[in-house]
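Here is what each chain is made of, one letter per residue.
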Amino acid sequence: MIKNNIMTAEIDLMKNATYIVKDGKIEAVPIPPTGYGKQVINWQAGKPCNGELSSSFKF
């Protein structure tokens, strides 16, 4: 028999953000310091394991 344990979290939908959920915990991914850039999330064995954050700028 499989039991589903459901956990919930509350987030602010008025805040622009990217979130990672891993092992039942939610964590916000850092925002590029300049406000422009990209976030790359790497996965291993079906779970997010690390990420890259790069910044860019506009002319």
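Structural notes, computed from the coordinates. The residue numbering used here restarts from 1 in each chain and proceeds along that chain's sequence as written. Reporting of local features is limited, given that this is a predicted model, to residues whose pLDDT is at least 70; pairs of side-chain atoms are given and counted only at 80 or more, and all residues count toward the totals for whole chains, interfaces and linings. Hydrogens are left out, water is left out, and the side-chain values use all remaining heavy atoms of the structure.

**Some remarks on the environment of cysteine 49**
Residue placement: cysteine 49 occurs in strand β4 (residues 47-55). In this structure cysteine 49 comes out as partly exposed when scored by relative accessible area, which is 38%. As for cysteine 49 and lysine 22, which are separated by 27 residues in sequence, their C-alpha atoms are 8.9 Å apart. Setting aside residues up to four positions removed in sequence, cysteine 49 forms contacts with Lys22, Asn42, Trp43 and Gln44. Where helices and strands are cited, they refer to DSSP runs of H or I of at least four residues and of E of at least two residues respectively, numbered from the N terminus. Each residue gets one of three labels from its accessible area relative to the maximum for its type: buried under 20%, exposed over 50%, partly exposed in between, using a 1.4 Å probe on protein chains only. Only heavy atoms matter for contacts: two residues are in contact if any of them lie within 4.5 Å across the pair.

**Thoughts on the layout of surface pockets**
Picture a little ball the size of a water molecule; that probe, rolled over the atoms, points out where space is still empty. Looking at the largest pocket, its volume works out to about 270 Å³. Those elements giving two or more residues to the lining of the largest pocket turn out to be β1 (19-22), β2 (25-28), β3 (37-44) and β4. Residues were grouped as follows: Ala, Val, Leu, Ile, Met, Phe, Trp, Tyr, Cys and Pro as nonpolar; Asp, Glu, Lys and Arg as charged; and all remaining residues, including Gly, as polar. Looking at side-chain class alone, the lining of the largest pocket contains 9 nonpolar, 3 polar and 3 charged residues. Cavities and pockets are found on a 1 Å grid laid over the protein atoms alone: a cavity is a set of points where a 1.4 Å probe fits but cannot escape, a pocket is an open set with protein on both sides within 12 Å along at least five of seven lines, and a lining residue has an atom within 4 Å of such a point. Grid points are joined across faces, edges and corners, and a volume is the space filled by probe spheres set on the points.

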